[in-house]
Amino acid sequence: MKATELRNRQAGTRSTVDVRTLTRVLFERLSELPPDAPERERVRAALIEINIPLVRYAATRFRSRSEPMEDIVQVGTIGLINAIDRFDPGRGVQFPTYALPTILGEIKRYFRDNVRTMHVPRRLQELWVQVSGAMEELTVTHGRAPKVPEIAASLRIPEEDVRACLDAGRAYNAASLEAAQEHEGGLALLDRLGYEDSALTDVEHRDMVRHLLVQLPERERRIIMLRFFANLTQSQISTELGMSQMHVSRLLARILTRLRTGNSWEE
């Protein structure tokens, strides 16, 4: 590892530690202040500012959506503020672990309520609110994303309903068939449908080769398999079969000639 890369990585680690330490100190200070203290707003504003990178990290999960990234960050900041107001340092949970599900939940609600262009049954929309809330609580409890059976057990609903809600939660925008796809070289989906598979032209060739191979004697067929399927050299094949490399070379030449002409094998 280069010295510059190592220094940058160490600096990033120190920065993360410093943010967590400062966040903890600010929450300790916030808990000491009375509700009507003027300093509370300054401490709260400082907590928001130093944790904005967490919001931007959460927002990157939605970068494939059509909404501007700054709009998503603004929505996520509302989730951050709610997390700050609800966070209890006494629970022994790191603030980023607690805040991230709340931020993601706020962003998902924004897409659900304001951006959705595809029709989702009202029952699933209402159930999604419960599923989303359960996911946030279980993430905080377990320190990881919950599994479908855990969500279903928490809400006492069938796992099929949870899966349907998760699918509905991703149904925000209908992609146009004529919209260009950046990761496909600018081609639209419509341009990539119904194309001719170039591999189809090889099907007949592969079938012909298979038919010719089964007509070869065992030794010659093995030579072909070792050379073109196992990628052994002629020298390695000669060692494997106990014959000279020159003999292997002559046999390969004869075999390939027969295969090209399609003639049956003759000793």
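All values reported here derive from a predicted model rather than from experimental measurement.

1. A word on the packing of aromatic side chains
Piece 1. For the coordinates displayed, the defined rule picks out four aromatic pairs.
Piece 2. Measuring from centroid to centroid gives 5.2 Å for Phe87 and Phe95, while their planes differ by 75°, and the two rings are edge-to-face. Phe95 matches Phe87 in its accessibility class, with the two residues each being buried.
Piece 3. Connected via pairs of aromatic rings, a cluster forms that spans Phe27, Phe87, Phe95 and Tyr98.

2. Re helix α2 (residues 39-50)
Piece 1. Taking 1.5 Å of rise per residue, the twelve residues of α2 would be expected to cover 16 Å, and the 17 Å separating its terminal C-alpha atoms lies within 8% of that figure.
Piece 2. Taken together, the buried positions of α2 are occupied by Val43, Leu47 and Ile48. The buried residues of α2 occupy an angular sector of 140° when the element is viewed end-on, so they sit on one face. Away from its buried face, by an angle of more than 90 degrees, α2 presents the exposed residues Glu41, Arg42 and Glu49.

3. A closer look at the UniProt feature "domain: RNA polymerase sigma-70" (unreviewed entry) in the chain
Piece 1. Here, the residues flagged by UniProt with the feature "domain: RNA polymerase sigma-70" (unreviewed entry) are residues 71-84.
Piece 2. With 100% helix and 0% strand, residues 71-84 has its two end C-alpha atoms placed 20 Å apart.

4. Some words on a nonpolar patch on the surface
Piece 1. A surface patch of nonpolar side chains, about 320 Å² in accessible area, is lined by Met225, Phe228 and Phe229.
Piece 2. Within the secondary structure, Phe229 sits in helix α10 (residues 218-229).

5. Details of the nonpolar core
Piece 1. Judged by nonpolar contacts, the single largest core of 30 residues is most densely connected at Phe27, Leu47, Leu80, Ile84, Phe95, Ile103 and Ile107.
Piece 2. Sorting the residues of this core by element identifies α1 (3-32), α2, α3 (52-59), α4 (69-86) and α5 (95-115) as the ones contributing at least two each.
Piece 3. Setting aside residues up to four positions removed in sequence, Ile84 forms contacts with Phe27, Arg44, Leu47, Ile48 and Phe95.
Piece 4. Counting residues in each nonpolar core, the second largest holds 15 residues, with Leu124, Leu138, Ile157 and Cys165 among its members.

6. A look at the environment of Ala145
Piece 1. The residue Ala145 is located in the loop between α6 (122-142) and α7 (148-155) in this model.
Piece 2. Judged by relative accessible area, Ala145 falls into the exposed class, the value being 60%.
Piece 3. Ala145 sits ten residues away from Met135 along the chain, and the two C-alpha atoms are 7.2 Å apart.

How each quantity is defined
Residues numbered from 1 in each chain as written. Predicted model: local features only at pLDDT ≥ 70, side-chain atom pairs only at ≥ 80, totals over all residues. Heavy atoms only, no water. Phe/Tyr/Trp six-rings, centres within 6.5 Å; stacked < 30°, edge-to-face > 60°. Buried < 20%, exposed > 50% of the residue type's maximum accessible area, 1.4 Å probe, protein only. Helix = DSSP H or I, 4+ residues; strand = E, 2+ residues; numbered from the N terminus. Expected span 1.5 Å × (residues − 1). Arc of directions from axis to C-beta. UniProt positions renumbered as here; feature names shortened; annotations may be inferred. Patch = residues over 30% accessible without salt bridge, like charges linked within 9 Å, V, L, I, M, F, W, Y side chains within 5 Å. Areas by Shrake-Rupley, 256 points an atom, 1.4 Å probe, with all protein chains shown as cover. Salt bridge = Lys/Arg side-chain N within 4 Å of Asp/Glu carboxyl O. Core = buried A, V, L, I, M, F, W, Y, C linked by side-chain atoms within 4.5 Å. Contact = heavy atoms within 4.5 Å.

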